[in-house]
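Structural characterization, general
Each chain, letter by letter, is given below.
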Amino acid sequence: MPPPKGADANLNDCTKKIRHRLPDSLHLPLLEAVLPDGLNFGANYLVEFEPQSLWYEVSLTLIAQALKAGCRSDYHTFTHIPDDVRAALTRQGADVRTLEEQDDFRVWDSYTVQGGIDVSAKIGKAFPRERVDLRSVKIQDWDKGYVEELRAGIPKSDLERLHIDDNTSVLLQYNTEHEVIDHFRTITVQLARISRLALFNSLVSGIYSENFYRQFESFSDGIIDFKSAEEGGKLKHRMRIRVARGRNHDSRWVDLELRPSGEVRVVSEPAVSY
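Let me begin by describing the structure that accompanies this report. (Residues numbered from 1 in each chain as written. Predicted model: local features only at pLDDT ≥ 70, side-chain atom pairs only at ≥ 80, totals over all residues. Heavy atoms only, no water.)

1. Some details on the overall build of the chain
Scanning the chain from terminus to terminus reveals seven helices and twelve strands. For the chain, the proportion of its 274 residues judged to be buried stands at 51%. Of the contacts made within the chain by residues no fewer than 6 positions apart, 68% connect residues no fewer than 24 positions apart. Only carbon and sulfur atoms are counted for the fraction: they give 50% of the accessible area of the chain, which is about 12700 Å². (Helix = DSSP H or I, 4+ residues; strand = E, 2+ residues; numbered from the N terminus. Buried < 20%, exposed > 50% of the residue type's maximum accessible area, 1.4 Å probe, protein only. Contact = heavy atoms within 4.5 Å. Areas by Shrake-Rupley, 256 points an atom, 1.4 Å probe, with all protein chains shown as cover.)

Right under this line is the structure:
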């Protein structure tokens, strides 16, 4: 897939070589040290993150890097204003306006609807390419919508996209743990497979039942952890690939650094051993 117009097509040489070797995988610089084979399309990844970690900044970095690599991407926001997402990606060098016009980037807004504000006036006007979720954040409404979409057939433009939720945990404020598990196990997994998505769901760690986390982990193709710890009077931010089913990966923690642009980089890489 060629880079979209307006995106930075100048990938580093290492990334170009890897993309040529594994064309069916998505290779992003931030994950290269710990996931050298890249992300699978048609896979569901689970992120478990501490509230003070860099997960939000990482999620935006992954989207920005995917767009620069020519991968169509969706950002599903539950906890941030859509225009804040656009501004953050713009700071990282993505031509968001052009990418949205070409349908190479979409914002799925499940934040605005939680406040009971009517956002229908935005459709087809100021933000013509923005997906505005007016169905509420009730799982039973999602189930109906996704079943209808699957029956109608998946448009070509919906195939092979990176899709990231900033905080899927918000659904648990409106639905039971059982409803959330059942939806993601029976519908979301199928949707990712059929549409060949690299799909990231994200949960705040340590605040729901152990059973809930274990069930979600059981049907996820990969599990990524984000944490922060105070060392020497300042916070150290870390990431690890706990599970990547069928993919070479290094499960040791790596240190992360937030750059002035908002981009997150790995600053200490584990020794490669598989």
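2. Considering the pairing of strand β5 (residues 105–109)
Of all five residues in β5, five are buried, a share of seventy percent or more. Neither face of β5 is open: one carries Phe-105, Val-107 and Asp-109, the other Arg-106 and Trp-108, and all of them are buried. Two elements, strand β4 (residues 73–77) and β5, share five bridges in a ladder whose sense is parallel. What sits directly across from Asp-74, in β5, is Arg-106. (Pairing = 2+ DSSP bridges.)

3. Some remarks on helix α3 (residues 82–91)
Within α3, burial applies to Pro-82, Val-85, Arg-86, Ala-88 and Leu-89. The buried residues of α3 occupy one face: seen down the axis, they fall within an arc of 165°. Against α2 (55–68), β4, α4 (96–101) and β5 lie the buried residues of α3. Where α3 terminates, the next one or two residues include Gly-93, which has phi positive at roughly 100°. (Arc of directions from axis to C-beta.)

4. Things to note about the nonpolar core
Among the nonpolar cores identified, the biggest contains 46 residues, and Phe-105, Leu-162, Phe-200 and Leu-256 are the most heavily contacted of them. Ranked by the residues each element gives to this core, the list is headed by α2, at nine residues. Non-local contacts of Leu-162, meaning those with residues more than four positions away in its chain, are made with Leu-26, Leu-28, Leu-62, Ile-63, Ala-66, Cys-71, Arg-72, Ser-73, Asp-74, Ala-198 and Phe-200. In terms of nonpolar packing, the next biggest core, distinct from the first, is built from 21 residues, Leu-171, Leu-172, Phe-184 and Phe-216 among them. (Core = buried A, V, L, I, M, F, W, Y, C linked by side-chain atoms within 4.5 Å.)

5. Brief notes about the side chain of Arg-106
Its place among the elements puts Arg-106 in strand β5. A polar contact is formed between the side chain of Arg-106 and the side chain of Asp-158, at a distance of 2.7 Å. (Polar contact = N/O pair within 3.5 Å; in protein donor to acceptor, adjacent residues only side chain to side chain.)

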